[in-house]
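Understanding the architecture of this molecule
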Number of protein chains: 2
Amino acid sequence: MSANRLIYLPLGGAGEIGMNCYVYGYGPAGKERLILVDLGVTFPDMDTTPGVDVIMPDISWLEARLDRLEAIFITHAHEDHIGALGHLWPRLKAPVYARRFTAAIAKLKMEEHGHSTASLHVVASRPETVEAGPFRVQFVPVSHSIPESAALVIDTPAGRIVHSGDFKLDPTPMVGEGWEDARFTEIAAERPVKALMCDSTNVFSLHAGRSEATIREPIRDLIKGHSGLVVATTFASNVARLKTLAEAARAADRTVCLMGRAMKRMVSVAQETGVLTDFPRTVSPEDAGDVPRGNLMLIVTGSQGERRAATAQLSRGKYLGMELKKGDLFLFSSKTIPGNEREVLKIVNAFSEMGVDVMDDAGGKYHVSGHANRPDLEHMHRLLLPDMLIPMHGEHRHLREHARIATEGGIVSDIVTNGMMVDLTGDAPKVVDYIETGRLYLDGSVLIGAMDGVVRDRIRLALNGHVMVTVILDDDSDTLGDAWVELRGVPQNGRGGPLVDALEEELNAFLNGAGKKLLRDDDKLDEALRRIVRQVSMEEIGKKPEVTVVVSRLMAE
Amino acid sequence: MSANRLIYLPLGGAGEIGMNCYVYGYGPAGKERLILVDLGVTFPDMDTTPGVDVIMPDISWLEARLDRLEAIFITHAHEDHIGALGHLWPRLKAPVYARRFTAAIAKLKMEEHGHSTASLHVVASRPETVEAGPFRVQFVPVSHSIPESAALVIDTPAGRIVHSGDFKLDPTPMVGEGWEDARFTEIAAERPVKALMCDSTNVFSLHAGRSEATIREPIRDLIKGHSGLVVATTFASNVARLKTLAEAARAADRTVCLMGRAMKRMVSVAQETGVLTDFPRTVSPEDAGDVPRGNLMLIVTGSQGERRAATAQLSRGKYLGMELKKGDLFLFSSKTIPGNEREVLKIVNAFSEMGVDVMDDAGGKYHVSGHANRPDLEHMHRLLLPDMLIPMHGEHRHLREHARIATEGGIVSDIVTNGMMVDLTGDAPKVVDYIETGRLYLDGSVLIGAMDGVVRDRIRLALNGHVMVTVILDDDSDTLGDAWVELRGVPQNGRGGPLVDALEEELNAFLNGAGKKLLRDDDKLDEALRRIVRQVSMEEIGKKPEVTVVVSRLMAE
């Protein structure tokens, strides 16, 4: 009989910022009862995942152990924590626990996918406790950039774990509970903290974080100082910011119009769940046209330059009847996430061409981050004094730096990345297994594996273009007609004229001279024709396209 | 008879950072004699130009007026100013003028493309003067991040123009002439400056720029403090930085090894042209293995995360016999250009996994920009007191801001972007024509137009995947065998099983029921089959792939 052990296994979020998915287990080795914390998505990009809609963690490890899974806990309603719930819940079918606002968003996602919401449970904040097998879990309110974010206190027979979720130290967050040190000193006083799994996003930000309240005045002053139309964008889920912006509008005698489905949804869920109580009256985009421009403020989606969101649409011209012009103000009350710079700057330049004044986060006056900076992280370490610190929610560089400062501060710490199963039972995390992890792509309506080759083929098509060769053979393997070439994404003309002509000439010369043995062998024929296409293309256009050869063999009827 | 006029027409670089290409003309309207300043490239990205090697300005306007082109002047040897010379010179065949170092790089480019270098002329700095039709042109040394950068003084019967080129105000640039205000006050005193065409890159940087000399000590201290292998990257052409890095290595008893073809080429050209006189001795990568790691420093290419450059190679494992490990130091003595963040961070994370300590520009200790910041630009305005200021070398947002501060400072200024021809003869720039401009893509060995559809097709293939349908008909338009489907970059399985099966079933059902009229009409048949593929795909996999239909008609023999 093996002793019970406490394990931690990130399936996503550890070694990347995105698709958070963390497993905890307690019990005999290989028979641990399991809980899952968060089930998020990450977003595709053209360089590595063209055409993909959204990316999720591969949960096959959990699927193979469904009988051991007790529950799913969602810390907050950001897409990188909750976004995969609608897609993947049917594979897990475990009860889902979340605070009120988060659960409301979860409900919408479940309904969108046609799942029953009977498994969804609203949990009040600590001391309310969820029992899930050997785990007792409490939700602790933390400040972040979405309402009702929570850290989890996870009690096990092997000790108490605090899973920080995403957090910042904001005593005046404008919406929801402010940060209170006492909540965490109490947690540590009640029972020593064995391990703190901690947000690492802003470990490279060396100054203490600032409160949401500090940008209220600058935003108010900015908007008051403008006479034209004012438009502001931020993350749709940053309800506190939406409130800050809307109140600044009201202070400047401007009526607010929300644009973008995600934003309207967030505001209405926040209002329905009682999180947002005194949001200024808004007008619909249809009615906004009747409001004088100097008395109107649009709050819109698309702060990251998303092509279909309101910001990008406005940068291309009229959107829902509104059009920006010279002297208008556009405020990015947001930070550009690395990788989105190009799209955001394209929009800024388009606004510049229209004569619109663009303000952004430069100078830090109009945006604050939702994550704890380095001094704040160190403060959190000191509040909880955990035996171990395991950095999460970060790329490898963040995890490494976070582990370094924890170690410097005298706390045992180690880097645990996706797929590493660590045993927390002893005095230090001990790697006990490496799990095959990966990513699932939602592509249209289909889930495909990152290793299926579909996306790899698309990247190759994008880089090299595609040449298709059709050859028809009769039942005696004589060619019927000539080989036929089609190009897609390949230059039409090479050094010596049309590429199609050069290719067909060479292919037909080869087919005419080819022996029956080769013509009868599908694989060899395919390979020979492919090689000719690549060679001729290299000579003619200096690159080797992707090649598809279709050999049709017509049988006598 | 029309009066003479002085015109300015950017074909690239005005409204973007990259592919600088500026035309000046003097003479009767439509008969102006022309000179070209710079002939640069810009770089492709996966989002908009997958598979493209390099991007150049479309110079068709100039090609149609070759008899009027007097000369080409190159301000400095950065790729965005000289990179298209080898590709496009044969279309222009005008004499090329540049300073010694720039001309040496130009020579290599011409030779690589097999062009004669007889048209290349080395020009000394002012007062040496090139006469080109009605233009008299002088090269004025300016500090930048490459040796022998120059501003141009362009004298015309209609007045004196100063074309700033890329510049910063650096009195101690480590390599080459330091910045001297006197050079420019003298120019303005000699003859009033009608127009200043001015670098706008750093107009949003509000503090005064710093000298190359200010980072010497921090880099030296950083390297001295490390005991493992030290690797540093910067732009290959930043010869002064290479010197700073190499001298810091020497001060720490480290032998330097240069890695990357571009870097070795820059250093040897700088030495051959006498620009670089006392560069520390280097060892080859082959010999570097014999040097103890604590006495070695690699200076490598790839600061922007370029996949094939040394930095990226080292992040993936062994490169030229060298391999990084725990405790080594990697220094990015560079800034990440917007759009390259993702690739650079991927490398930083890979180094983090190896346990390598990575230092970057955060804090500004180890890198300074090569461009004038806002206070420096204003200083330049005051030195020259031009009648007009026309911002160049910037995206629209940079040009707009630069024009704004010039106007605020009392100088007439306007935004002139690619394709706008302005008449500078009067007191203010006056738009007289809009020229169709664009981009040429080097794709493999072929130049294709941005509007040719080749790249658009590749993007579609990347986003949607490709379905190919083959149908064979006899001379009576009866189908021979079944329709055949091939997928590339498309998920194999849909809702109801293999996508290929669903597609072939539907296509064959359609073909079996189709009338002769349709089967005889290539276009209608193609469109019908295409529509079926898109419909079935939408149902099965939730997206519409690109479709190629190949209908082969076999004639009786």
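Going along each chain's sequence as written, the residues are numbered from 1 onward. Numbering of ligands from 1 and lettering of chains from A proceed in the order in which they are written. Given that the model is predicted, a residue must reach a pLDDT of at least 70 before its local features are reported, and side-chain atom pairs must reach 80 or more before they are shown or counted; all residues, however, enter totals for whole chains, interfaces and linings. The side-chain quantities take in all heavy atoms of the structure and omit both hydrogens and water.

Taking an unreviewed UniProt entry as the reference, chain A is identified by name as Ribonuclease J belonging to Paragemmobacter straminiformis.

**Quick look at the overall build of chain A**
A tally of helices and strands in chain A yields 17 helices and 31 strands. A principal-axis box enclosing the C-alpha atoms of chain A has dimensions of 85 × 75 × 45 Å. In this scheme, a residue with accessible area under 20% of its type's maximum is buried, one over 50% is exposed, and one in between is partly exposed, where area comes from a 1.4 Å probe on protein chains only. Every one of the 557 residues in chain A was classed for burial, and the buried ones make up 60%. In what follows, a contact means two residues having at least one pair of non-hydrogen atoms within 4.5 Å. Counting contacts in chain A only where the partners sit at least 6 residues apart, residues at least 24 apart contribute 70% of the total. Here chain A has roughly 21,500 Å² of accessible surface; of this, 48% comes from carbon and sulfur atoms. Charged residues are defined narrowly, with Lys and Arg counted positive, Asp and Glu counted negative, and His plus the chain ends left uncounted. We put the charge of a Lys on NZ, of an Arg on CZ, of an Asp on CG and of a Glu on CD. Of note, chain A has its 63 positive side-chain charges centred 3 Å away from the centre of its 78 negative side-chain charges. Helix and strand definitions follow DSSP, with helices as H or I runs of at least four residues and strands as E runs of at least two, each counted in order from the N terminus. Per-residue and other accessible areas were derived by the Shrake-Rupley procedure at a 1.4 Å probe size, with only the shown protein chains allowed to occlude residues.

**What to know about the packing of aromatic side chains**
Any pair of Phe, Tyr and Trp rings, taking the six-membered ring for Trp, is counted once the centres come within 6.5 Å. Such a pair is stacked with planes under 30 degrees apart, edge-to-face with planes over 60 apart, and tilted for the rest. Overall, the coordinates contain 16 aromatic pairs over all chains when judged by the stated rule. Arranged with centres 5.0 Å apart and planes meeting at 50 degrees, the rings of F330 of chain A and F332 of chain A form a pair that is tilted. Accessibility expressed as a relative area gives 0% for F330 of chain A, which makes it buried. Judged by centre distance (4.5 Å) and plane angle (25 degrees), the rings of F330 of chain B and F351 of chain B are stacked. Of the two residues, F330 of chain B sits in strand β17 (residues 329–332) while F351 of chain B sits in helix α11 (residues 341–354), which places them 21 residues apart along the sequence. Aromatic ring contacts, followed pair by pair, group Y8, Y22 and Y24 of chain A into a single cluster.

**Overview of the domain arrangement of chain A**
Residue and element names in this part refer to chain A. Taken domain by domain, chain A consists of domain 1 (4–207 + 369–449), domain 2 (212–359) and domain 3 (465–553). Residue ranges labeled as domains rest on an automatic or database domain assignment. Domain 1 and domain 2 are separated by 31 Å when their C-alpha centres are compared. Taken together, the contact pairs 19 residues of domain 1 with 18 residues of domain 2. We define buried area as the total accessible area lost by two parts upon association, computed with a 1.4 Å probe and summed across both. Buried area between domain 1 and domain 2, summed over both chains or domains, comes out near 1,500 Å², and the portion from carbon and sulfur atoms is 65%. Interface area lost by domain 1 to domain 2 is led by F101, M174 and V175, which between them contribute 37%. Between Lys or Arg on one side and Asp or Glu on the other, a salt bridge is scored when a side-chain nitrogen of the former is within 4 Å of a carboxyl oxygen of the latter. Across the contact surface, domain 1 and domain 2 share two salt bridges. In this structure, the salt-bridge partner of R265 is E112, at a minimum N-O distance of 2.6 Å. In the analysis that follows, any N or O atom pair within 3.5 Å is treated as a polar contact, provided that within protein one partner can donate a hydrogen and the other can accept it, and provided that, for residues neighboring in sequence, both atoms belong to side chains. The interface formed by domain 1 and domain 2 holds four residue pairs in polar contact (both at pLDDT 80 or more) in total. All amino acids are sorted into three groups, where Ala, Val, Leu, Ile, Met, Phe, Trp, Tyr, Cys and Pro are nonpolar, Asp, Glu, Lys and Arg are charged, and the leftover types, Gly among them, are polar. Partitioning the side of domain 1 that touches domain 2 into residue classes produces ten nonpolar, three polar and six charged.

**Remarks on the interface of chain B and chain A**
Contacts between the two partners involve 62 residues from chain B, matched on the other side by 62 residues from chain A. Surface buried jointly by chain B and chain A totals about 5,500 Å² across both partners, of which 57% is contributed by carbon and sulfur atoms. Among the residues of chain B in contact with chain A, M46, R342 and R488 of chain B are the three that bury the most area, contributing 14% of the side total. Put simply, chain B and chain A have ten salt bridges between them.

**Quick notes on the sheet that holds strand β18 (residues 329–332) of chain A**
Residue and element names in this part refer to chain A. In this scheme, strands are said to pair when DSSP sees at least two bridges between them. A sheet is described by the order of its strands in space; here six strands give the open sequence β16-β15-β17-β14-β18-β19, paired in parallel fashion. Of all strands in the sheet, those bounded by a partner on one side alone are β16 (282–283) and β19 (357–359). The sheet contact formed by strand β14 (residues 230–233) and strand β17 (residues 296–300) spans four bridges and is parallel. Each residue of the ladder has a partner; that of T233, found in β17, is V300. Contacts between helix α7 (residues 239–251) and the sheet are confined to β14, β15 (255–259), β17 and β18, with β17 contributing the most and set at about 170 degrees to the helix. Convention adopted: a line fitted to C-alpha atoms gives each axis, helices being fitted over their contacting stretch, and angles between N-to-C directions are expressed from 0 to 180 degrees.

**As for the pairing of strand β24 (residues 439–443) of chain B**
All names here are of chain B. For β24, the tally of buried residues reaches four of five residues, placing the bulk of the element in the interior. With four bridges connecting them, strand β5 (residues 54–57) and β24 associate as antiparallel partners. In the sheet register, P57 faces β24, and the bridge partner there is R439. Both β24 and strand β25 (residues 446–449) contribute to a ladder of four bridges, which runs antiparallel. By the bridge assignment for β25, L442 is matched with L447. Turn length for the β24-β25 hairpin, with the two strands adjacent in sequence and antiparallel, is two residues, and the turn residue G444 shows positive phi of about 65 degrees.

**Considerations on helix α5 (residues 181–190) of chain B**
Buried within α5 of chain B we find R183, F184, I187 and A188 of chain B. The buried side chains of α5 of chain B occupy one side of the element, clustering within an arc of 125 degrees when seen end-on. This arc is taken over the directions from the axis of the helix to the C-beta atoms.

**Some remarks on the layout of surface pockets**
Two kinds of site are reported from a 1 Å grid over the protein atoms alone, namely cavities, where a 1.4 Å probe fits but cannot get out, and pockets, open sets with protein on both sides within 12 Å along at least five of seven lines, and residues are called lining when an atom falls within 4 Å of a point. Grid points are joined across faces, edges and corners, and a volume is the space filled by probe spheres set on the points. Taken as a whole, the second largest pocket spans an internal volume of roughly 240 Å³. Along the wall of the second largest pocket there are 15 residues; nearest its centre are W484 of chain A together with V550, V551, S552 and R553 of chain B. Every element with two or more residues in the lining of the second largest pocket is listed here: β27 (466–473) and β28 (484–488) of chain A together with α17 (522–541) and β30 (546–553) of chain B. Sorting elements by how many residues they give to the lining of the second largest pocket places β30 of chain B first, with five residues. Taken together, the residues of the lining of the second largest pocket sort by class into seven nonpolar, three polar and five charged.

**Quick look at the sheet that holds strand β14 (residues 230–233) of chain B**
All names here are of chain B. Spatially, β15-β16-β14-β17-β18 is the arrangement adopted by the five strands of the open sheet, whose pairing is parallel. Only two strands of the sheet have a single partner each, and these edge strands are β15 (255–259) and β18 (357–359). Neighbour-to-neighbour, the strand axes of this sheet turn through a mean angle of 20 degrees, independent of strand direction. Of the strand pairs in this sheet, β14 and β17 are connected by four bridges, and their pairing is parallel. Across the sheet, the residue bridging to T233 is F332, located in β17. Running over the sheet, α11 touches β17 and β18 and is turned about 165 degrees from β17.

**Regarding the relation of the copies chain B and chain A**
Residues reaching a pLDDT of at least 70 in both copies supply the C-alpha atoms on which the copies are superposed by least squares. Each copy of the sequence occupies a distinct position, and chain B is placed on chain A by a rotation of 180 degrees and an axial shift of 0.0 Å, giving an RMSD of 0.1 Å. Such a turn and shift between the copies fits a two-fold axis. When each C-alpha of chain B is compared by its distance to the rotation axis, A462 of chain B comes out closest, at 2.6 Å. The residues that chain B uses at the interface reappear at the interface of chain A in 100% of cases, marking a shared surface.

**Here we look at the packing of helix α12 (residues 374–384) of chain A against helix α13 (residues 396–408) of chain A**
All names here are of chain A. Relative to each other, α12 and α13 sit at 50 degrees, their axes nearing to 11 Å. Between α12 and α13, the crossing angle belongs to the class labelled oblique. Every pair of crossing elements has a handedness; the one defined by α12 and α13 is right-handed. In this structure, α12 contributes R374, L377, E378 and H381 to the contact, and α13 contributes E401, H402, R404, I405 and A406. Relative orientations are named as follows: roughly parallel for angles under 35 degrees, roughly antiparallel for angles over 145 degrees, roughly perpendicular for angles from 65 to 115 degrees, and oblique for any other angle. In a left-handed crossing the near helix is turned counterclockwise from the far helix by less than a right angle, and in a right-handed crossing that turn is clockwise.

**Thoughts on a negative patch on the surface**
All names here are of chain A. Candidates for patches are residues over 30% relative accessible area with no salt bridge; among them, like charges are joined within 9 Å and nonpolar side chains (Val, Leu, Ile, Met, Phe, Trp, Tyr) within 5 Å. Residues D501, E505, E506 and E539 make up a contiguous surface patch of negative charge. With three residues, helix α15 (residues 499–513) is the largest single contributor of residues to the negative patch. Within the secondary structure, E506 sits in helix α15.

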